[in-house]
Structure formats: structure tokens, C-alpha cells
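Architecture and fold: a report
So the chains spell out like this:
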Amino acid sequence: MADLTTDIQTIKGIGPQRAAALKKLGIETLRDLIAWFPRKYDDRRHSKRIADLVPGETACVTAMIASPPSVSHIRKGMDLVKVRAVDESGVLDLTFFNQTWLKNQLIQGETYVFYGRAEGNLLRKTMAAPIVEPENRKEFTGRIVPIYPLTAGVSQLVLSRSIRQGLDACAAILPDALPDEVRQAHHLCRIGFAYENIHFPEDEHALDLARRRLAFEELFFFSIGLQRLRSRRETVQVEPCKAVDMDVFYHALPFALTDAQRRCVEEALRDMCSGIPMNRLCQGDVGSGKTMVAAACIYFCVKNGRQAALMAPTEILARQHYHGLAPILERLGIRCALLTGSSPAKTKRSIAAQLAAGEIDFAIGTHALITGSVEYADLGLVVTDEQHRFGVAQRAALAAKGAHPHILVMSATPIPRTLALILYGDLEVSVIDRLPPGRRPVETYSVPGSYHPRVYNFIRKLASQGRQTYIVCPQVSESEEPADERKAVTAYAAMLQSQIFPDLRVAFVHGKMKAAEKDAVMTAFAAHETDILVATTVIEVGVDVPNAAVMVIENAERFGLSQLHQLRGRVGRGSHQSYCILISDNQNKETRQRLKVLTKTTDGFKVAEEDLRLRGPGDFFGQRQHGLPGLKVADIGCDTQLLKEAQLAAEDLLAQDPDLRLHPDTAARVAELFTQAADSLN
Ligand code: ADP
Ligand code: MG
């Protein structure tokens with residue numbers, strides 16, 4: 001008798017090799033298997049007449065085999081099965097590669113369904129390597145078919161058949177952690193129906209019901225988890241910080257903080273003196289000077305005798321913060337250290353030891369800072385930069401460590417209210433609504449590729465005035481395969497250096513480089529040892545080189561508006577007039593409209609609003625980017641109504657049963673979600 005923890009190798013067709021491949025997707029048990037949801041669906045319910053097939057389209061055809069299949073051996077390792085099929089409207093020639101068994105399976109006079117890409121012309125229709133099955137089998141044709149995210153060594157066919165078996169084995173024993181009264185009150189279907197139809201939907205309506213139920217469930221557990229995190233924190237007492245003479249810090253800075261920055265600092269310091277842990281979001285557009293707000297809080301915390309940590313989402317950014325902040329803070333007697341995933345093991349060990357002994361006051365790094373074995377003597381403040389990359393998981397991880405440091409979250413991404421509610425639902429908010437003085441808005445242009453010569457001339461002109469340029473190439477990829485960003489960037493940089501700018505210094509940086517290499521390139525660029533930096537979006541967040549005045553973005557249509565805005569934020573950080581040039585040969589109306597938004601405004605909130613309006617909320621965050629635990633079905637952009645319902649339901653349940661003592665299944669699910677999230681960081 002199977003249960004949910006049964007090993008997937010009990011499934012017919014899954015042996016050790018496929019099990020190993022599936023393990024990479026995190027699928028080890030029957031439960032993991034059936035929780036592997038389709039990434040999309042293909043509606044193959046309707047067959048087309050052969051005569052109506054349009055070359056290039058993918059479609060189903062129901063046709064009869066007209067003559068016995070023939071097999072020819074083309075070359076070593078390549079056998080070809082050819083067969084002709086007919087319906088009342090025409091003739092279709094089919095070819096299959098290396099599937100010789102079909103010779104005996106496709107029987108003359110029998111009818112089959114073929115699903116594939118039609119080729120040929122009006123006179124002769126063909127299909128190469130279609131999916132084929134007998135009429136009425138309705139496994140991969142004649143129905144709505146799930147399409148799963150795959151991994152090497154496991155095909156759609158294998159996955160879908162395994163999940164079918166998994167569902168059959170588990171249907172009767174699926175536990176439902178959603179309290180029945182909640183399920184009924186919100187008109188949600190039962191768990192068994194939901195699982196069956198999220199995989200193999202009977203029709204659109206059934207799929208909707210399944211999706212709604214599963215999305216609700218995710219949002220509900222998520223809301224419960226968040227609300228418990230919050231209430232747990234509110235009951236925690238910490239020793240209030242004492243006043244510190246902040247003028248010492250302010251005088252050490254090369255500039256005066258703006259009023260907006262000062263206000264954010266004051267709000268944060270007040271929190272830290274309140275006796276309950278600070279939990280604050282500091283939001284400000286790119287270039288508004290969030291780093292110094294963080295630095296002020298760090299200074300304040302350390303002068304209160306406690307340690308502080310600053311977490312950045314990328315190594316480049318962590319190093320940059322280190323190089324920017326350490327000199328100022330060390331002069332004020334604060335002992336700083338940099339700790340990232342790629343620090344040598346020996347350095348890591350030594351820093352960890354010093355943190356544990358309280359010999360380092362302030363650690364800067366990636367999430368290596370809060371993971372695994374790193375211990376602090378007395379961690380008083382954690383600042384996370386560009387938070388949406390981390391999300392709730394980190395906060396859960398910190399809470400799981402049992403520490404209650406003050407938390408300051410810095411984010412440039414202006415996000416719509418509803419999303420803010422779940423991403424930052426438990427945070428107080430400060431906004432830096434002014435840019436530092438002397439900034440001039442970045443002049444932004446959208447041009448076609450034919451402008452390249454003019455763009456290069458422009459770069460040269462600014463270089464002669466001492467300014468530097470970023471050129472961003474997107475990962476160009478026609479297929480769904482991840483593109484080779486390395487190739488795009490290195491080839492383009494080499495071309496620029498040899499053919500366009502032999503007299504200037506061209507460098508490049510991409511995500512596949514070793515951390516030390518990236519660091520060297522960025523440091524050289526910051527020190528103006530290079531003039532032009534060709535890069536992928538690794539430079540998207542936070543990088544700060546005030547002398548860079550030109551941002552050129554190739555294939556700009558491939559980026560979202562908010563992402564383009566972030567990239568543009570890499571220039572215009574000093575007092576020079578800066579420029580952003582969006583290059584795109586895609587001249588369709590929608591693209592032009594999108595890019596035009598950026599040429600019209602430099603206000604991040606306006607850009608985000610337009611982004612949402614033009615793209616639809618579903619795409620606002622890349623699904624992977626939101627970093628929220630357990631949200632696989634729910635779409636945090638689209639399902640706002642459902643989110644509100646789920647939040648209310650969660651509040652209701654917690655009001656009746658604050659410790660979930662009466663709902664142990666629910667408690668277990670929530671705990672599991674949040675520990676998983678915390679674990680995934682380790
Ligand atoms: P972001 O909000 O995007 O993180 P940063 O903190 O990186 O912005 O600051 C952007 C640039 O503005 C940096 O070069 C920083 O030194 C500078 N800066 C920050 N605050 C001020 C200020 N009050 N006056 C002048 N320049 C400032
Ligand atoms: Mg920043």
C-alpha cells in the first residue's frame with residue numbers, strides 16, 4: 001500500500017537513473033511527484049482537417065493509415081519510418097526518426113491521432129516526428145495536455161505517465177490541510193479533485209476550480225505564516241538602543257544627507273530605541289541614496305555595542321558596499337569584514353570566528369552571512385539591500401535562528417500596493433522621496449539598430465570628456481534553452497575593442513565569471529581604468545560608478561520596463577548629464593509604446609505603474625524572483641482578490657485558534673513551508 005512518502009522508484013518506468021534525474025527537481029517521493037505542477041497546458045481537444053493545416057502550425061490531425069509504413073536505414077544510428085495517412089480532405093505524409101517499432105504499430109486502415117508541426121505546401125502536407133496514438137486513447141491528444149517543466153533525462157511522456165500513476169496511487173489518501181470549514185466557506189473544491197484536474201483537467205472549468213483551490217491554499221498558508229511571524233515579533237522584547245551622537249557620523253561623510261535621508265534615518269533610530277525589534281522597509285528610487293541611510297543605522301547599532309550585517313543580493317554589490325562603506329566606518333572605529341560565498345574557506349572560517357567572538361562589528365556580504373554555521377556574538381541589526389531578491393524566506397531564516405535583530409530592508413523596486421502587502425506585509429515603511437541635489441534626469445532615447453554608428457560616435461564623444469559607458473546585452477535566446485550569455489558579452493566586447501574603439505579600453509563582465517574576476521573588472525571600471533563596460537544584467541542592481549554617464553541597452557525589447565529603469569539607474573548618479581540609449585529593432589507597436597514610457601519619465605513609480613498596465617500583473621515579477629515560499633500556483637500579481645480572501649480567512653482562523661492547536665495539519669503545513677524556505681538558503 002503506497003503512502004505519500006513512498007519512493008518514486010515504485011512507479012513503473014522510474015528506475016535508479018530517472019530517479020536521480022528527478023531528484024534534481026526535488027522529486028523523491030510520491031508526494032513530491034504529484035506536487036510537480038504543469039507549467040502550462042496544450043489544448044489538443046480538437047483535430048484539424050488535413051486540408052486546413054497551415055504550414056508551420058502545430059496541430060492535431062485524425063487520419064487513417066493509407067498504406068503499410070516503410071522503414072529505411074539512412075545512415076548509422078538513423079532509421080526513418082515513413083507512412084501516408086488520409087482523411088476525407090486530403091493526404092498527409094508522416095516521418096518518424098529512430099522509432100522503427102512504429103512499423104508494426106501503425107496498421108493500415110486504422111485511424112490514429114497525430115500531433116505535430118505541419119510542414120509542406122498547399123499540395124503536399126507533411127509532419128515530421130509527430131506524437132501519435134490510436135484514436136480514443138486520449139492520453140497525449142484529444143484532451144487538454146499538461147506540459148511539465150523538465151530536466152535532462154526525463155521526458156514529458158515519462159513525467160506525465162509517472163504522475164498519472166502517482167495520482168492513482170494517492171488519490172484516496174491525500175490529506176487536506178485546509179480546514180474543511182474554510183474550504184466550504186470559500187467554495188473551494190476538494191483536494192483530490194484539485195490534484196486530478198491541475199494535472200489532467202477535464203475542461204477549462206475544472207482547471208479553473210483546481211487552480212483556484214490550490215492558489216487559495218497557498219496564499220492561505222502563506223498568510224498564516226506571515227501573520228504568525230509578525231505576532232511573534234511583536235511580543236518579543238529587546239533591549240532599547242540608547243541615544244548616540246550621530247553628528248560624528250554625519251561629519252565623516254563626504255556630503256550632507258538630504259532631508260529625505262535624514263527623516264528615514266530618524267524613523268529607523270526611533271524603532272531601534274522602542275524596545276521591540278525594528279522591521280522597516282526603506283524604499284527609494286534608484287540613486288536616492290539608500291546606502292547612507294543604512295550606514296547611519298549601522299553606525300548607531302554598533303555604537304550601541306552590538307553587531308550589524310548588510311546583505312546584498314549579488315557578490316558584485318556586496319564588494320562594492322564593502323569598498324564604499326568600510327573606509328568611512330573604520331575611521332570611526334568600526335571593525336568591518338566582507339564575507340561572501342566565494343571567500344576562501346580559510347577567510348570564511350576566520351571571519352566566522354571573529355564574528356562569534358565579537359571582534360568584528362560589521363559584516364557585509366551575500367546571504368552567506370545568515371546561513372549555515374555563521375554565528376554572531378550579538379547581532380543587533382540586519383540590513384538587506386534590494387530585498388525583493390530575498391523575500392520573506394530570509395526573514396523566516398533569521399527568525400528560525402532564534403535571533404531577533406532589528407531589520408532594515410532597502411528596496412528600489414517600486415511595487416504595486418497589493419504586492420507590497422504580501423512581500424512586505426509585516427513591515428513599516430519609510431520613503432526617500434527626493435534625489436540628492438545636483439542630479440539631472442537621465443536623458444533617454446529609443447532608437448533602432450541602424451543608429452549603432454551614431455551611438456558609437458556618441459560614446460566616443462563622452463569618453464573624450466572623461467565619461468564612461470555601460471553597454472548591456474541581454475541573454476539572446478530563440479529557444480527555451482538558457483542562452484550563452486558569456487558568448488554574447490565576450491564576442492561583442494571583442495568586436496568593439498578591435499573594430500570600433502581600438503583606442504579606448506573595453507572590458508566585460510557576466511554572471512559566469514568567477515567572483516574575483518568580476519570584482520577585478522568592476523573595481524577597474526570604478527577606478528576609471530576602463531572606459532566601456534559590456535555587461536549582462538549582473539550590473540542591474542545597485543552598482544554605483546558616478547562617473548559612468550552613458551547606458552546603452554541592446555535588444556531593449558527583451559527587458560521589462562522596471563528592469564530597464566533599474567539598469568538606467570546605473571547612470572545619472574553623479575553631477576554629469578547622463579544618457580540612456582535603448583536600442584531595439586523590434587518596431588511593433590507594443591514595444592515602441594513600452595520603450596517610449598522610459599523616454600518620457602524618470603520616475604520609478606510611474607514606470608512601475610505603466611509596466612503593470614502594459615504587461616499585466618502576471619509578469620511583473622519573474623515567477624522565480626519573488627522568493628516567496630510555497631507559491632507555485634498562485635500568481636501574486638493576478639490573484640489579488642483571492643489573496644484578500646485568503647488573508648481574511650487566515651485572520652479568522654488565527655482569531656479563533658491563535659496557536660493552531662485545533663488545526664494541527666494546518667500548523668504542520670505552515671511550519672513546513674517556512675522551514676523549507678529557510679532551508680533553501682543554506
Ligand atoms: P541607491 O538608493 O540606488 O542605493 P546609493 O546609495 O548607491 O543609491 O547612492 C547613489 C549615489 O549618490 C552614490 O554615489 C552616493 O554616494 C551618492 N549620494 C548619496 N547620498 C547623497 C547626498 N546626500 N548627497 C550627494 N550624493 C549622495
Ligand atoms: Mg543601492
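Data block above holds the structure.
In this report, we go over the structure that sits alongside the text. (Residues numbered from 1 in each chain as written. Chains lettered and ligands numbered in written order. Predicted model: local features only at pLDDT ≥ 70, side-chain atom pairs only at ≥ 80, totals over all residues. Heavy atoms only, no water.)

Relative to the helices and strands, P38 resides in the loop between α2 (30-34) and β1 (40-43). Look at P38 and you get buried, because its relative accessible area is 12%. Note: C-alpha distance between P38 and I147 (109 residues apart in sequence) is 5.2 Å. (Helix = DSSP H or I, 4+ residues; strand = E, 2+ residues; numbered from the N terminus. Buried < 20%, exposed > 50% of the residue type's maximum accessible area, 1.4 Å probe, protein only.)

The parallel open sheet is built from six strands, whose spatial order is β18-β23-β22-β19-β21-β20. Sheet topology places β18 (443-447) and β20 (506-509) at the edges, where each strand pairs with a single neighbour. When the angles between neighbouring strand axes are averaged without regard to direction, this sheet yields 20°. Pairing of strand β22 (residues 548-553) with strand β23 (residues 579-583), which is carried by four bridges, proceeds in the parallel orientation. (Pairing = 2+ DSSP bridges. Axes fitted to C-alpha atoms, helices over the stretch in contact; angles between N-to-C directions.)

Moving on, we come to the packing of aromatic side chains. Applying the stated criterion across every chain, the model contains nine aromatic pairs. On the basis of an interplanar angle of 90° and a centroid distance of 4.9 Å, the ring pair of F458 and Y579 is categorised as edge-to-face. Residue F458 is located in helix α15 (residues 452-464), and its partner Y579 is located in strand β23; the two are separated by 121 residues in the primary sequence. Judged by its relative accessible area of 16%, Y579 is buried. (Phe/Tyr/Trp six-rings, centres within 6.5 Å; stacked < 30°, edge-to-face > 60°.)

A few words now on helix α4 (residues 156-170). Here α4 spans 21 Å end to end across 15 residues, near enough to the 21 Å set by a 1.5 Å rise per residue. If you check which residues of α4 are buried, you get V158, L159, S160, S162, I163, G166, L167 and C170. The inward-facing, buried residues of α4 abut α1 (16-23), α2 and α6 (191-199). (Expected span 1.5 Å × (residues − 1). Contact = heavy atoms within 4.5 Å.)

The next subject is the pattern of salt bridges. Oppositely charged side chains may form a pair once their charged atoms are brought near each other. Tallying each qualifying case throughout the model produces 33 salt bridges. For D93, the salt bridge goes to R124, with nearest N and O atoms at 3.4 Å. Placement of D93 in strand β6 (residues 90-97) and of R124 in the loop between β7 (111-120) and β8 (125-128) is noted, with a sequence separation of 31 residues between them. With relative accessibility at 13%, the residue D93 sits in the buried group. Here D519 and R319 are joined by a salt bridge, their closest N and O atoms 3.1 Å apart. Here D519 is found in helix α17 (residues 515-526), whereas its partner R319 is found in helix α11 (residues 315-331), with 200 residues between them in sequence. With respect to class, D519 is no different from R319; both count as buried. Through salt bridges with shared partners, a single ionic network connects R31, D176, R213, E217, R669 and E672. (Salt bridge = Lys/Arg side-chain N within 4 Å of Asp/Glu carboxyl O.)

On their own, these measurements won't tell you what the molecule is for.
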